[in-house]
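Observations on chain architecture
Next come the chains, spelled out residue by residue.
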Amino acid sequence: MTAIAVSLFNLFVAQIPQLTVEKTTVTAHTANYYGNRRVPQLLAPNVPADAQRHVIDLACEEGYKPLAAWHEIVGSHPSLDKMYSVNAEVEGNGVIALHLRARENEQVYAYVEVFVVCSRLDSE
């Protein structure tokens, strides 16, 4: 009977995904130059200022830990190359952060999708 219970438990656990991906969209923008206001707005200061760090409201499901984060720019005005740097990362404490900076003397906004890979492996 114990062997049957262990086999059923192992089958159930094997069906749970070990990795998942979570996603959110934000707007990176320079001062007073906004995109769609229904999307969270994050300031991207112009070079030579340092990149602005923003904590992203994105979390893994219960029982999962964030492993890695990345971004994709899915739209921008006036053009894609106006952002100087966009970097998503998972910090040591599991916080997902996005660092933003725009090119010098530019007014721009960009829609940025932020992704995080979440893992159940070693989540205890």
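Presented here is a report on the structure given in the accompanying data block. Everything quoted here is computed from the prediction, not taken from an experiment.

Quick notes on the rules
- Residues numbered from 1 in each chain as written.
- Predicted model: local features only at pLDDT ≥ 70, side-chain atom pairs only at ≥ 80, totals over all residues.
- Heavy atoms only, no water.
- Disulfide = S-S within 2.5 Å.
- Helix = DSSP H or I, 4+ residues; strand = E, 2+ residues; numbered from the N terminus.
- Buried < 20%, exposed > 50% of the residue type's maximum accessible area, 1.4 Å probe, protein only.
- Pairing = 2+ DSSP bridges.
- Axes fitted to C-alpha atoms, helices over the stretch in contact; angles between N-to-C directions.
- Phe/Tyr/Trp six-rings, centres within 6.5 Å; stacked < 30°, edge-to-face > 60°.
- Lys NZ or Arg CZ within 6 Å of the ring centre and 35° of its normal.
- Core = buried A, V, L, I, M, F, W, Y, C linked by side-chain atoms within 4.5 Å.
- Contact = heavy atoms within 4.5 Å.

Glancing now at the state of the cysteines. Counted by the stated rule, this structure contains one disulfide. Across a sulfur-sulfur distance of 2.1 Å, C60 and C118 are joined as a disulfide pair. Between C60 and C118 the sulfur-sulfur dihedral comes to about -80°; the bridge is accordingly left-handed. With a gap of 58 residues between them, C60 in the loop between β3 (52–55) and β4 (65–77) and C118 in strand β7 (residues 109–119) connect regions that are remote in the sequence. Using a relative accessible area of 17% as the deciding quantity, one classes C60 as buried.

On to the sheet that holds strand β2 (residues 41–43), then. The four strands are arranged β2-β1-β7-β4 in an open sheet whose pairing can be described as mixed. Because the sheet does not close on itself, it has two edges, and the strands there are β2 and β4. The mean inter-strand angle of the sheet, taken between neighbouring strand axes irrespective of direction, is 35°. Taken together, the eleven bridges between β4 and β7 define a ladder with antiparallel strand orientation. From the neighbouring strand, H77 faces β7, where its bridge partner is Y109.

How two aromatic rings sit relative to each other is set out by the distance from centre to centre and by the angle between their planes. Taken as a whole, this structure holds three aromatic pairs when the rule is applied. Between Y109 and Y111, the ring centres sit 5.5 Å apart and the planes meet at 65°, which makes this aromatic pair edge-to-face. Among the aromatic residues, those joined into a cluster by ring pairs are Y33, Y109 and Y111. R37 extends its terminal NZ or CZ atom over the ring of Y34, reaching a point 3.7 Å from the ring centre.

The subject of this paragraph is the nonpolar core. One finds I56, M83, L98, L100, V112 and V114 to be the most contacted residues of the largest nonpolar core, which totals 22 residues. Elements supplying a minimum of two residues to this core: β1 (19–29), β5 (83–90), β6 (96–102) and β7. Ranked by the residues each element gives to this core, the list is headed by β7, at five residues. Look past the residues within four positions of V112 in its chain and what remains in contact with it is T24, T25, V26, A28, H71, E72, I73, V86 and L98.

What follows is about the sheet that holds β3. Across the sheet, which stays open at both edges, the three strands sit in the order β3-β6-β5 with antiparallel pairing between neighbours. Looking at which strands have only one partner, the edges of the open sheet turn out to be β3 and β5. Each strand axis lies, on average, 20° off the axis of its neighbour in the sheet, ignoring direction. Two elements, β3 and β6, share four bridges in a ladder whose sense is antiparallel. Each residue of the ladder has a partner; that of V55, found in β6, is A97.

Scope: geometric values only; no functional claims are made or implied.
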